[in-house]
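# Descriptive analysis of the structure
Now for the letters of each chain:
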Amino acid sequence: MLTLDFHPAGRHFLQIPGPSPVPDRILRAMSYPTIDHRGPEFGALGLKVLEGIKKIFKTEQPVIIYPASGTGAWEAALSNVLSPGDHVLMYETGHFATLWKKMAEALGLKPEFLGLPGIEGWRRGVQADQIEARLKADPDHQIKAVCVVHNETSTGVTSDIAAVRRAIDAAGHPALLLVDTISGLAAADYRHDEWGVDVTVSGSQKGLMLPPGISFNAVSKKAIAASKNAKLPRAFWDWTDIIEMNKTGYWPYTPNTNLLYGLHEALEMILGEGLDNVFARHQRLAAAARAAVRAWGLEIQCADPNVYSPILTGVVMPEGVDADQVRRIIYDNFDMSLGTGLGKLKGRMFRIGHLGEANDLTLMATLSGCEMGLKLAGVQLAGSGVNAAMEQLMSGKDQARRQAA
Ligand SMILES: *Cc1c(COP(=O)(O)O)cnc(C)c1O
């Protein structure tokens with residue numbers, strides 16, 4: 001509902017796990033006039049962002065940038081390396097894994113969905129041992145790819161991708177490894193080359209702090225080799241011409257010029273802060289958010305502390321409370337958007353995004369809005385999550401001071 005007479009004071013709190021708030025620096029960079037995408041300045045910009053984005057994926061191989069949402073980059077990943085009827089192993093971590101699997105079916109692939117029974121899969125990460133066992137039971141190598149979601153945005157679970165790599169290696173299986181880190185990139189540790197990922201899929205509007213509209217495929221040499229024989233129909237998504245033209249900083253079609261200005265600025269910001277510092281900041285904020293949820297006496301959707309997401313926290317509502325009603329109360333009273341429960345979790349939980357340019361005080365404001373909204377909705381809270389989060393954030397500062405001394 002965006003009408004001309006809707007002018008709330010201050011900024012809207014966009015605390016969904018993507019799109020994340022776009023920093024002013026990036027908005028300003030994007031306001032430069034659009035230039036000729038075949039002209040000399042553009043080539044320099046293209047080369048710079050194509051080189052810079054490799055540092056974020058931690059890869060030496062090409063990264064393809066599409067003018068598309070993350071869903072487009074999902075399709076690009078599948079259609080460049082697979083053929084009709086190919087058997088692919090996917091893992092049910094939540095709503096996004098489910099959507100990717102539906103896409104695989106629509107494209108004429110044969111996905112097999114591994115997972116834990118019932119809703120358990122939506123509370124824990126990818127179980128690498130299940131993948132290993134399944135691959136060991138495939139001596140003829142019918143399975144062509146393993147597809148997993150790194151940060152499952154519908155639940156707040158960040159799976160261990162290195163463990164999935166080890167599982168594939170332990171089975172001695174040649175399947176390609178395809179990973180969706182649309183919401184994980186530039187917020188949680190990610191290593192495309194070191195983890196032996198063949199195609200990494202990502203998007204602009206989450207950890208990268210850009211508006212929606214561009215997305216990525218990071219590739220491996222093995223993926224490029226597979227693309228030479230892959231038979232799924234593809235045209236717009238085909239890597240070949242893009243990689244060739246990208247060598248000079250250009251694209252075969254009109255790229256999203258202004259979003260590339262934004263990407264250039266985002267790279268400056270993220271690499272300027274330092275990737276490790278960015279990851280540590282996300283971890284600190286996530287720990288404070290969880291401290292708040294525990295103090296409220298509510299449950300965290302992720303049930304395995306080893307795979308808590310640094311990007312978002314899923315907050316499970318007590319029996320009988322409609323999470324979307326709570327979200328509505330918070331939106332109406334405090335001008336803040338929280339993530340809705342998706343798929344199997346509709347109405348059961350809401351999601352607090354703490355990604356991108358989030359800091360201590362934006363998190364505290366967010367948690368205040370949640371606490372007030374929960375009370376207004378009549379949810380019985382065990383205590384103050386806001387106080388617990390403040391204590392958590394301050395203890396982190398104390399430690400930092402002691403270490404510096
Ligand atoms: C956001 C998201 C997507 C979908 O990306 P769109 O840009 O909405 O197409 C897919 N997977 C994950 C894990 C996401 O967080």
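Whatever comes next refers back to the structure up there.
In short, a report on the structure. Just so it is clear, the model here is predicted, and its values are computed rather than measured. (Residues numbered from 1 in each chain as written. Predicted model: local features only at pLDDT ≥ 70, side-chain atom pairs only at ≥ 80, totals over all residues. Heavy atoms only, no water.)

Our focus in this paragraph is the overall build of the protein. Counting its regular elements, the protein contains 13 helices and 14 strands. Rg of the C-alpha trace for the protein: 21 Å, near the compact-globule value of 22 Å for 405 residues, within the 12% margin. Counting all 405 residues of the protein, 58% fall into the buried class. With an accessible surface of roughly 16900 Å², the protein has 55% of that area assigned to carbon and sulfur atoms. Positive and negative charge centroids in the protein, built from 40 and 43 side chains respectively, lie 1 Å apart. (Helix = DSSP H or I, 4+ residues; strand = E, 2+ residues; numbered from the N terminus. Rg over C-alpha atoms; globule rule 2.2 N^0.38 Å. Buried < 20%, exposed > 50% of the residue type's maximum accessible area, 1.4 Å probe, protein only. Areas by Shrake-Rupley, 256 points an atom, 1.4 Å probe, with all protein chains shown as cover. Lys, Arg positive; Asp, Glu negative; His and termini not counted. Charge placed at Lys NZ, Arg CZ, Asp CG, Glu CD.)

A few words on the site of the ligand. Within the structure, the ligand sits among 13 residues, and T71, T153, D180, Q205 and K206 are positioned closest to it. One nitrogen or oxygen atom from the side chain of T153 is found 2.4 Å from an oxygen atom belonging to the ligand. It is helix α3 (residues 70-81) that contributes the most residues to the shell around the ligand, three residues altogether. Of the residues assigned to the shell around the ligand, the class counts are four nonpolar, seven polar and two charged. (Near = heavy atom within 4 Å. Polar contact = N/O pair within 3.5 Å; in protein donor to acceptor, adjacent residues only side chain to side chain. Nonpolar A, V, L, I, M, F, W, Y, C, P; charged D, E, K, R; others polar.)

In this description, an aromatic ring pair is defined by two values, namely the gap between the centres and the angle between the planes. With the rule as written, the count across this model stands at 10 aromatic pairs. Here F57 and F216 contribute two aromatic rings whose centre-to-centre distance is 5.9 Å and whose plane-to-plane angle is 65°, an arrangement assigned as edge-to-face. Taken together, the positions of F57 in helix α2 (residues 40-57) and F216 in strand β10 (residues 215-219) put the pair 159 residues apart, joining distant regions of the chain. We classify F216 as buried; its relative accessible area is 0%. Three or more aromatic residues link up through ring pairs in this structure, and these residues are Y66, F236, W237 and Y253. One cation-aromatic arrangement involves K206 over F96; the distance from NZ or CZ to the ring centre is 5.4 Å. (Phe/Tyr/Trp six-rings, centres within 6.5 Å; stacked < 30°, edge-to-face > 60°. Lys NZ or Arg CZ within 6 Å of the ring centre and 35° of its normal.)

The next point concerns the sheet that holds strand β12 (residues 312-316). Pairing in this open sheet of three strands is antiparallel, and the strands run β11-β12-β14 from one edge to the other. Sheet topology places β11 (299-300) and β14 (349-353) at the edges, where each strand pairs with a single neighbour. By the bridge criterion, two bridges tie β11 to β12 in an arrangement that is antiparallel. Following the sheet pairing, I300 is matched in β12 by V315. Docked against the sheet, helix α10 (residues 275-296) engages β11 and β12, running at close to 10° with respect to β12. (Pairing = 2+ DSSP bridges. Contact = heavy atoms within 4.5 Å. Axes fitted to C-alpha atoms, helices over the stretch in contact; angles between N-to-C directions.)

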